[in-house]
12 protein chains.
Amino acid sequence: MRILVVHGPNLQLLGKREPDIYGAKTLKQIDAEIRQRAKQLGVDVRTFQSNHEGEIVDKIGSTAGEYDAIIINPGAYTHTSIAIRDALAGTGIPAVEVHLSNTSAREEFRHRSLIAPVCKGTIAGFGSIGYVLALEALAKGE
Amino acid sequence: MRILVVHGPNLQLLGKREPDIYGAKTLKQIDAEIRQRAKQLGVDVRTFQSNHEGEIVDKIGSTAGEYDAIIINPGAYTHTSIAIRDALAGTGIPAVEVHLSNTSAREEFRHRSLIAPVCKGTIAGFGSIGYVLALEALAKGE
Amino acid sequence: MRILVVHGPNLQLLGKREPDIYGAKTLKQIDAEIRQRAKQLGVDVRTFQSNHEGEIVDKIGSTAGEYDAIIINPGAYTHTSIAIRDALAGTGIPAVEVHLSNTSAREEFRHRSLIAPVCKGTIAGFGSIGYVLALEALAKGE
Amino acid sequence: MRILVVHGPNLQLLGKREPDIYGAKTLKQIDAEIRQRAKQLGVDVRTFQSNHEGEIVDKIGSTAGEYDAIIINPGAYTHTSIAIRDALAGTGIPAVEVHLSNTSAREEFRHRSLIAPVCKGTIAGFGSIGYVLALEALAKGE
Amino acid sequence: MRILVVHGPNLQLLGKREPDIYGAKTLKQIDAEIRQRAKQLGVDVRTFQSNHEGEIVDKIGSTAGEYDAIIINPGAYTHTSIAIRDALAGTGIPAVEVHLSNTSAREEFRHRSLIAPVCKGTIAGFGSIGYVLALEALAKGE
Amino acid sequence: MRILVVHGPNLQLLGKREPDIYGAKTLKQIDAEIRQRAKQLGVDVRTFQSNHEGEIVDKIGSTAGEYDAIIINPGAYTHTSIAIRDALAGTGIPAVEVHLSNTSAREEFRHRSLIAPVCKGTIAGFGSIGYVLALEALAKGE
Amino acid sequence: MRILVVHGPNLQLLGKREPDIYGAKTLKQIDAEIRQRAKQLGVDVRTFQSNHEGEIVDKIGSTAGEYDAIIINPGAYTHTSIAIRDALAGTGIPAVEVHLSNTSAREEFRHRSLIAPVCKGTIAGFGSIGYVLALEALAKGE
Amino acid sequence: MRILVVHGPNLQLLGKREPDIYGAKTLKQIDAEIRQRAKQLGVDVRTFQSNHEGEIVDKIGSTAGEYDAIIINPGAYTHTSIAIRDALAGTGIPAVEVHLSNTSAREEFRHRSLIAPVCKGTIAGFGSIGYVLALEALAKGE
Amino acid sequence: MRILVVHGPNLQLLGKREPDIYGAKTLKQIDAEIRQRAKQLGVDVRTFQSNHEGEIVDKIGSTAGEYDAIIINPGAYTHTSIAIRDALAGTGIPAVEVHLSNTSAREEFRHRSLIAPVCKGTIAGFGSIGYVLALEALAKGE
Amino acid sequence: MRILVVHGPNLQLLGKREPDIYGAKTLKQIDAEIRQRAKQLGVDVRTFQSNHEGEIVDKIGSTAGEYDAIIINPGAYTHTSIAIRDALAGTGIPAVEVHLSNTSAREEFRHRSLIAPVCKGTIAGFGSIGYVLALEALAKGE
Amino acid sequence: MRILVVHGPNLQLLGKREPDIYGAKTLKQIDAEIRQRAKQLGVDVRTFQSNHEGEIVDKIGSTAGEYDAIIINPGAYTHTSIAIRDALAGTGIPAVEVHLSNTSAREEFRHRSLIAPVCKGTIAGFGSIGYVLALEALAKGE
Amino acid sequence: MRILVVHGPNLQLLGKREPDIYGAKTLKQIDAEIRQRAKQLGVDVRTFQSNHEGEIVDKIGSTAGEYDAIIINPGAYTHTSIAIRDALAGTGIPAVEVHLSNTSAREEFRHRSLIAPVCKGTIAGFGSIGYVLALEALAKGE
C-alpha cells in the first residue's frame, strides 16, 4: 500500500506558528512520526508540502497508478479550493482529510470544508496524531 | 483511564438500518470491537445507547468523577441538540465526536455539528473503526 | 395490513388545547374514528401517543416486521426532529405524514417539515379526517 | 355540492411525462376516476386543465356562485404564481391543493407553496388517489 | 397626450373580492372615474384588463407610437413578472405603477416590486384615487 | 382639515444637492407650491424640516389634536428609523409617505421602508409634485 | 395562587457546571430561595427539573386546573423546542421565561427564543434572582 | 446607590399611545412608582426621557462618577442604535434593559436588541412593573 | 433532424427594444439567419415566438415525435418559469438555452436560470450568432 | 485648504472609554495633534464633535463654500446612518473616513460601513495617527 | 486574428478524469480539434494549460499586443478566482468563457461564475465542441 | 526598521490596466516613491510582487527575523485567500493592508476583506499615496 501525505499552506511553519493552536512539533518531526508508524503498518508513505494550490493540484493529478491512497491536510485551502476538490475527485483513489486543530471550534469561515465531501472521512482536532490515525484507518480499510 | 462511549438515536438499529450508509455490523458487534481494543490499551470502557436526548443529557451529567473521557456518536442529535452540547461543556472532561458515515457528503442539514465545537476533535466516515481511532486518540493524549 | 398510528407531542391535549386551531375532538374520539374506518377497510391499526421524541424513535425503531405502514402526526417534532426522520427512513416501511391544521398557513417555522421528505406523502389541514384519508391512501396503495 | 377540479401546467402530458415521478395514468384516466368517485359521493364535478396561468386565474375568478369548492393541482405554478393565490383568496370558497408527487422530497424550489396558505389543506404524494382523497375531504366537510 | 391604463390579474373581481383590502368599487366604476378625470385634463385614455401575463406583455409591446405614457397596476405580477418589467423598459415611454392597497403593509412577498425600478414612480394605498393621482402626475409632467 | 408636512434629513439642501436625483427646486419653492395647492383645497397646512430624528419624533408626538393628517418625506430615516415609525403609529392620525426620487430604482438599501407599513399610502418618484398629490389624496379621503 | 417552576436541561448541575456563566449556587439552594420568597408573597410554589423535553411537555400539559402560572427556565430547549412552546401555548395559563445568564451576550444560536413569544415576559441575566423577580411579577399581576 | 432611569423615544406618549400594547399609565405615573420603590430600597433615582438618540448618548456619557447603575428602556433605539450601545459599554457601570411589551412576540425587527449584549440583563413584557423589578435586581446585586 | 426554435417574451420587439443590449437586428432577420444556416447543415427548423408562458408550455408539450431538439431563448421566463422547465424536462428531447445578451453581466436576478439545468447546454452573450452556434452544437451532436 | 474634522458619537469620552480599544489620549489631545500637523501642512482645520446624528448632518450640510474637504470619524453612525452618508454625498467636497480601531477585527456589525462608499478613502486601525494620515492624504491630493 | 486558449486546473487529466462528466477526449485531442478549426477560419491560435491560478494570471497579463482574444475554460477557478477575473478585465481584449460540462446542472457552488461578467459571452455543456463554437463566435465577431 | 512591501495579483500591470480605477503610475514608479519616503524615514524597505497566492504565502512565511513589519496590497486575494491571512497571522509581526482604490465603493464581493482582521489597520482609496501613509503609520508606531 502506497500513501501520499499532502501538507497544505503554512504547514512548513509548524512549531513556530501559533503553537497554542497548531502544537509545538515541527513538520519534520511530524513527518518522522508518520513514517515510523507507516513502517510498522507495512505502508509505503511519501510526504509533500506546498503553499501553492496549483502544486497541490499538480501532485494529486499525478498520483494515478503511483499511490493507493491520499492523506491530505489542506490547511486554508480546505475552505476555498474547488480545484483541489476536483483533483481529488478526479484521481479515483481514496483520500482522508486531516486537520491538526478542531476547525469546528474556530472562526465561522473554517466550518465549511470543500474537501471533505470527496474524501472517505475526516479526522480533526488531535494534532499530529491525526495523521497516524488516518494511516491506521486506511490500513484497516473496511 | 475510564471512558464512556455514548451511542445516540437509531444506532440500536445498526446492521439493519440502511446498511449502505451505516455498514453491516450490529451495535453489539461494534461494542465488542471497542471493548477488545480498550482492553489492549488498558482502558476501562462502558458503552451506552439511547434514543432519548434527555437520557443522554442525564448520562453525560453524571460522568463527573466517574469517567476521564467521553466518546460520543450523537447521531441525529449532532445537528439539533444544544442540550447535549451544554452537557458536554458542563462536564469539563474531554470528549471526542464520532460519526460512522461522512456527514459532510450527505444532506446539507447534516453539515453543521452543534457538538463538535465543545469536543477535542471529530472522526467521521470510517464506520466502526472510528470508535477505535477515538480510543487511540484519547489513549495517546497529547 | 397492519398500521401504526403515531401521535406526537401535545396531541394528548386535543379538544382542550386551542380548539380554533386543532378542533374540538379529543384524541380518544379521533382514535375511535380511526379504528372504525380501519375495521371497514380490513386494516389492523394500533395508535400510540407520546410527548417524548425518544419514545417515538424507540417505537418506530421497533416496527420492523410488526407493521406494514406508519401514519404519523409528528406535531412540533415535524420541524425539529432529525432523529424521527432517521428512524422512519431506517424502518424501510412506508409512512404518511398527517397534520390537523394547515401548517403552511401558520408561523414561518412550521413551513419546513423534516419528516415529509422520507414519507410517501402528506395530508394537512383537514382535522381528524386527515388520519382517515391517510388510512385510505395506504389501503388503496398504488 | 359542485366542485371544480383544476389541473395546472404540463398535466396534459401525464402518462407520457417522467412516469417514475408522475405515474403511468393519463389525465383522461384520472379525470374518469375523479368523476366516478364524485358520482358515488353525490358531488357534481367539472375538470379543467390549462398550461396558462392567466386562464387558471380567469377560471377561478368565475367560480363564484358556480361552484362550492375547488380542488387544484397548480403544478409548477405552485411555487411561482401569486396571481393564482390571489384568485383563490378572492373567491371566498374553500380550496384543496393536490400534488401527485411528494414535492417535499424533490428540488429545494418545490418546497415552498404560494398556494397552500390560502387553501383549506394539502394532499401530496399519493398520485391520482390524491384527487379522490380531496373529494372525500370536501364531501365530509368538518 | 395618450395614456394606456393597464389593470393586472384579478382586478376584474374588484368590488366582489376582499373589499376590506381592495375597496367596494367595481373596475367599471373605477374606469369611469379615470375617464372623467382624463377628460378634465385633456388626456386621451384607454383602459385594459387582463389576467394573462402574456397579454399584458403583448399590449405593452404594442404601445410604441400609440401612447405617450402607461399607468399600470400589475397586481400579483408586480412581484413575479420580469417579462412585464422588460416590456415596460423596452417601450421607452414613461410608466407609473399604481396599487390600490398599501402593499408595504401586507405579506413580505408583496414588498418587492420588480416593476417599480423601470417606472417613473409609484402610488400605493389610496384605492381608486391612485389612478387619478397618476393621471395628474403624468399630465403635470416635470 | 389641518395637515403637517414633515421634511426629513438633508432636504434643506434641495436645489443644491445632487439636482439630477432630487430636482432643481429649493425647499422654500416646494413649500410655496404645497401651501398654494392647500389653499385651493381649503386645507390648513404647516411645514417642518429637520435633520434630527429626535426632533421629528418630538414633532409627530405633539400632533395629537393639532393636526388631522401628516405628509412625511422621511429621507434617509425611511430606511433606518423605527422611532419615527413608532411615533406615526402612536399618533393615530393618517400619514402619507412621499419621496422625491423613485427609491426602488436606487441602491438596494433604499428599497425597504420602515415607515410605509404604518402609513395610509406612498407616493414616490414624482419630485415636488408628490407632496401635492399627497395633499389631494388626503383631501379626497376615501 | 399556585405557581409551577420548571427547570430545563443541565440545571441539575448548577453550582458545579461552568460557575463563571451560571453562578455558584446549587439548584437546591435556588429552589429554597424561591420557596422562601413565595411564602412571603403567599404563593404556593412547586419546582420541577428535567433534562427530558418530553417530560417537560408532559408536565406543562398537566398544569391545567392545577396551577395559575408557570415560571420556566427552558435552558438549551429555549432555542430548539417547538414542543415546549406549543405546550405552553396550549395550557392557556400565563408563563414567565427566566434565564440565569444574559443569553443575548452569548453565542449567536442562543439569541433566538422559541419560548419567549408565548410567554407574558422574559427575565434574563440576573442569576437566581431572576426566579424571585418572576414570582413578584406574577404576584403583582397587572 | 444612585441609579439613572433612561426612557427612550415615544415613551412621553405613554397612556395615550396604543394602550393595548404599552398600558394605560402615563410616564409621570410610572416615574412616581419607580421613585416610591426606590425610596423603599434606599436607592437614589433620577429619571430622564428623550426622543433624541444623541441626547441619550450625551446623558449616558456623563454618568461616570454620578451614577452607580443605569436602567434603560431604549424603545425603538433598542434595534437601531449602536451609538447607545457604545455609550453604555463605555461607561463601565452596570445597566439593565427594560421593555414594557414582550418584544419577542411582536414584529421580527423587534426581536434583535443591540443593547442587551452590553447590559447585565433584560426584563421585558411586564409593563411598568419591569422598572421596579430592575431596581430590585440592581439593589440585590449578586 | 427537426429543430424547434422558441423565442420568449419581448423578443418580437428586437431591433426596436434597447438595441445597445439586444442588438439592431429584427426577429425576422434573425429567423432568416437561422433558417439559412439550418439549410446548410441539412436541418429542418421551425421558429416560434410568444410572450405567453402558457403558449410556450403548450408548444414544448406538443414537440414529442415532431422535433428532435429544441433551441430556446426563454427571455425573462428564464428566471421565473418552472412551468417551462418542467415542459422541457417532460419532452425527453435535448434542448439548448440561448441568450442574446450576457445575462451574467446584468442585474442580479438575471444570474439564475431555472431553464439551464434541464438543457444540454447554454450559449449566452453572442447576439443572434448564438442561435447559429446552437444549431451547430446540435448538428455536431457528441 | 480648509478642512473640517468631524468626530462622531462617544468620542468625547476618549481616554476614559475602553482605552484598550480606543487608546489613552483624550479628544483634546488628538485635536491638538491634528492642528499641529495641519499648521505644518499649511492647512486650515476646524474640529467638531457631536453625539447627535442630526447635528452632524446639519454641520456637513453647511460646509459648502466653507470647507474644501472633510475628515470624518463617524463612530457608531458608520454602520447605521444613511442620513450622514447622504449629507456627505450632497456636499460635493471630498471626504476621508477615519477609525481609531480596526473595525474589521471587531463585531460583525462593525464590518459594513455606510459611509465609506461616498468617501475618497478610509484609514482604520492606527489610533489618533489616522487623522494625521488623512490630513496628509488630502494635502497631497492626487 | 490571434487567439489564446487557456485551460484551467485539472484539465490536463481530460480523458482520464470522470469521463461521464468531462468526456473521453484527452486535452491533446481537444487542442488538435481547436487548431484544425482555427486553421479553417484563418485564425492563429495558441493553447495553454495550468493548474496554477498565478500562472494563468501571469499569462493573461502578458497578452496585451500579443493576442486579439482569449478563450478560457477556468475550471474550478471559475467559482473562486477574482484574480483571473481582474486579469481578464485588465487586458482590454475580448474573452469567451467555455465549460465542457453544464455547470448549471451540477453542485450549487458551480452555479456562480466570477469570470462570466467580464467576458463577452459563455458557452457551456457541449464538451470539446464548445471551444470550436467559441472560435467561430469570435471569428464572426459582431 | 525593516519593512517588506507585498504587491498582489495584477499589480504588475499598473499604469496599463484600467487607469481610471487604479491610476496612471507604473508599479516601478510606485516602488520608487516608496523607497524614497522610506529613506527619509530611515526605514529599510524591500518590495515584492507576485500573481501567485502560493509565492506570497512563501514570502510572508519567510519574513520571521528578516523584517519588522509588512505592508501588503493583496489585490484580488483580499477577498479569497485564507492562506495569506493565515500566513500573516503566523508571522507574528505587524502588517498594514493597502488598497489603491476605494474597495467599499466597488462590487459587493470586494467589500469583505479576509486579510484586514489580522492586520494592524487598513488604508484604502488614496492610490499610491496609500503605501507612503502605511510607511508613516508603521514608522510612527503607537
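Only a predicted model underlies this, so the values are computations on that prediction, with no experimental measurement involved.

Enquirer: Residues and numbers for the pattern of salt bridges, please.
Expert: In this structure the tally under the stated criterion is 96 salt bridges over all chains. Where E136 of chain B meets R37 of chain B, a salt bridge forms, and the shortest distance between an N and an O atom there is 2.6 Å. Highlighted residues: E136 of chain B in helix 5 (residues 129-140) and R37 of chain B in helix 2 (residues 27-41), separated in sequence by 99 residues. Among the salt bridges present, the one from R2 of chain J reaches D68 of chain J, with a minimum N-O distance of 3.3 Å. Of this pair, R2 of chain J sits in strand 1 (residues 2-7) while D68 of chain J sits in the loop between helix 3 (53-61) and strand 3 (69-73), and the two are 66 residues apart along the sequence.

Enquirer: Which residues make up the relation of the copies chain B and chain A, and what values go with them?
Expert: Screw-axis analysis of chain B against chain A gives a translation of 0.0 Å along the axis, an RMSD of 0.0 Å, and a rotation angle of 180°. Within this description, the copies of the chain are treated as partners about a two-fold rotation axis. Considering only C-alpha atoms, the part of chain B nearest the rotation axis is I123 of chain B, at 2.3 Å. Taken together, the interface assignments show that 100% of the residues at the interface of chain B recur at the interface of chain A, consistent with an identical surface on both copies.

Enquirer: Pulling in residues and values, what's your account of the UniProt feature "binding site: substrate" (unreviewed entry) in chain A?
Expert: Residue and element names in this part refer to chain A. As recorded in UniProt, the sites labelled "binding site: substrate" (unreviewed entry) are N73, H79, D86, L100, S101 and R110. The greatest C-alpha distance among the residues just named is 24.1 Å, and with 38 residues of sequence between them they are spread in space as well. Along the polypeptide, L100 turns up in the loop between strand 4 (95-99) and strand 5 (121-124). Given a relative accessible area of 6%, L100 falls into the buried group. Beyond its immediate stretch of four places on either side in the chain, L100 contacts L11, L14, Y22, N73, G125, F126, G127, S128 and Y131. By the element assignment, S101 lies in the loop between strand 4 and strand 5. Classification of S101 as buried rests on a relative accessible area of 8%.

Enquirer: Can you lay out the interface of chain E and chain I for me, pointing to particular residues and giving the numbers?
Expert: The interface is formed by 14 residues belonging to chain E together with 17 residues belonging to chain I. Carbon and sulfur atoms supply 54% of the area buried between chain E and chain I, which totals about 1,300 Å² over both sides. Per-residue buried area on chain E facing chain I is highest for I82, D86 and G90 of chain E; these three make up 36% of the total on that side. At the surface where chain E touches chain I, the tally comes to two salt bridges. The salt bridge partner of D86 of chain E is R110 of chain I, with a shortest N-O separation of 2.8 Å. At the boundary of chain E with chain I, the tally comes to four residue pairs in polar contact (both at pLDDT 80 or more). Counting residues per element, the ones that place at least two in the side of chain E that touches chain I are helix 3 (53-61) and helix 4 (82-91) of chain E. For the side of chain E that touches chain I, the element with the most residues is helix 4 of chain E, which contributes seven residues. A breakdown of the residues in the side of chain E that touches chain I according to their chemical character gives five nonpolar, four polar and five charged.

Quick notes on the rules
Residues numbered from 1 in each chain as written. Chains lettered and ligands numbered in written order. Predicted model: local features only at pLDDT ≥ 70, side-chain atom pairs only at ≥ 80, totals over all residues. Heavy atoms only, no water. Salt bridge = Lys/Arg side-chain N within 4 Å of Asp/Glu carboxyl O. Helix = DSSP H or I, 4+ residues; strand = E, 2+ residues; numbered from the N terminus. Least-squares fit on C-alpha atoms with pLDDT ≥ 70 in both. Contact = heavy atoms within 4.5 Å. UniProt positions renumbered as here; feature names shortened; annotations may be inferred. Buried < 20%, exposed > 50% of the residue type's maximum accessible area, 1.4 Å probe, protein only. Buried area = accessible area lost by both parts, 1.4 Å probe. Polar contact = N/O pair within 3.5 Å; in protein donor to acceptor, adjacent residues only side chain to side chain. Nonpolar A, V, L, I, M, F, W, Y, C, P; charged D, E, K, R; others polar.

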